[in-house]
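Residues per chain are reported as follows:
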Amino acid sequence: MSSPKRRIETDVMKMLMSDYEVTLVNDNMQEFYVRFKGPEETPFHGGLWKIHVELPDQYPYKSPSIGFVNRIFHPNIDELSGSVCLDVINQTWSPMYDMVNIFEVFLPQLLRYPNPTDPLNGEAAALMMRDSRGYEAKVKEYVTKYASKEQADEAGHETDDSDEMSSVGSYNDDDDDDEPAGTMEV
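Within each chain, residues carry numbers counting from 1 in the order of the written sequence. At least 70 in pLDDT is required for a residue's local features to be given in this predicted model, at least 80 for side-chain atom pairs to be given and counted, and no such filter applies to totals for whole chains, interfaces and linings, which use all residues. Remark: hydrogens and water are excluded; side-chain values derive from all non-hydrogen atoms of the structure.

**Some points on the UniProt feature "active site" (unreviewed entry) in the chain**
UniProt positions are given in the numbering used here, feature names are shortened, and annotations may be inferred rather than shown by experiment. Mapped onto this numbering, the UniProt entry annotates "active site" (unreviewed entry) at Cys85. A run of H or I in DSSP counts as a helix once it spans at least four residues, and a run of E counts as a strand once it spans at least two, with each numbered from the N terminus. Looking at the element boundaries, Cys85 is found in the loop between β4 (65-68) and α2 (87-90). Working rule for contacts: check all heavy atoms of both residues, and any pair within 4.5 Å makes them a contact. Leave out the neighbours within four places in its chain, and Cys85 touches Asn76, Asn90, Leu110, Asp118 and Leu120.

**Considerations on the nonpolar core**
Buried Ala, Val, Leu, Ile, Met, Phe, Trp, Tyr and Cys residues that are joined via side-chain atoms within 4.5 Å together make up what is termed a nonpolar core. Classification of residues uses two cut-offs on accessible area relative to the type maximum, computed with a 1.4 Å probe and protein chains only: under 20% is buried, over 50% is exposed, and between them is partly exposed. In terms of nonpolar packing, the biggest core is built from 40 residues, with Val53, Ile66, Phe68, Met99, Ile102, Phe103 and Leu107 touching the most fellow members. For this core, the elements supplying multiple residues, two or more each, are α1 (3-17), β2 (28-37), β3 (48-54), β4, α2, α3 (99-112), α4 (122-130) and α5 (132-146). Considering each element in turn, this core owes the most residues, eight residues, to α3. When near neighbours in sequence (up to four residues on either side) are disregarded, Ile102 contacts Pro64, Ile66, Ile89, Trp93, Leu107 and Pro108.

**Some thoughts on the confidence of the model for the chain**
What pLDDT reports is the predictor's confidence in each residue, on a scale of 0 through 100. Averaged over all residues, the pLDDT of the chain is 86; the fraction at 70 or higher stands at 83%. This stretch, residues 159-184, has a pLDDT under 50; its non-local contacts, to residues over four places away or in other chains, come to two contacts.

**As for the pattern of salt bridges**
Think of a salt bridge as a Lys or Arg side-chain nitrogen and an Asp or Glu carboxyl oxygen that are within 4 Å of each other. Under the criterion given, the structure shown has eight salt bridges. When the shortest N-O distance is used, the salt bridge between Glu123 and Lys138 registers 3.4 Å. With Glu123 in helix α4 and Lys138 in helix α5, the pair connects residues that are 15 residues apart, well separated along the chain. Glu123 gets classed as partly exposed once you look at its relative accessible area, which sits at 45%. Using a relative accessible area of 22% as the deciding quantity, one classes Lys138 as partly exposed.

**Observations concerning the packing of α4 against α5**
The geometry of α4 relative to α5 is characterised by a closest axis approach of 5 Å and an angle of 135 degrees between their N-to-C directions. Relative to α5, α4 is oriented oblique. Counted together, Glu123, Ala124, Leu127, Met128 and Arg130 of α4 and Ser132, Gly134, Tyr135 and Lys138 of α5 form the full contact between these two elements. Within the contact of α4 with α5, the residues separate by chemical class into four nonpolar, two polar and three charged. To obtain each axis, a line is fitted to C-alpha atoms, and for helices this fit is confined to the stretch in contact; angles are then taken between N-to-C directions over 0 to 180 degrees. Each angle gets one of four labels, with under 35 degrees taken as roughly parallel, over 145 as roughly antiparallel, 65 to 115 as roughly perpendicular, and the rest as oblique. Amino acids are sorted into nonpolar (Ala, Val, Leu, Ile, Met, Phe, Trp, Tyr, Cys and Pro), charged (Asp, Glu, Lys and Arg) and polar (every other residue, Gly among them).

Printed below as a string of structure tokens:
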């Protein structure tokens, strides 16, 4: 058994034995969901998020992919895709870190101390810098609207409109005009 494979199994087992609710995707230890609660003493407190985790084959030498499935209002988290902008995951990842570090330290710290100068959500960053009370109110509104247990349960189960939009079946074939869309200069 290779070292990265063993490490993946060890880290996932630690997560499964922790207090976090972990759901493997198709019994695959490299893709799973973790339920994550908003840290106390923050406007995120009381929220429950479903976090999608994918571990690359090169884990722990390559960082995991982490994303919020249900919506969150935060300067460093893309509101629609759920992508997380966190240096420790994206740039300074080390094999010394494990999955438990992400959920017990890195994500709580990100929610406690947002960095509005490096935003993925410009609206959240601008609101946080110009009106901190307004920012907290908007965060709490999102927690109520999108981060309940029911919302976390449903997150990721809705129909994916992007599939419909990119479907070949939606192509309008009423035109019998087979002209190319443009010309290419060589």
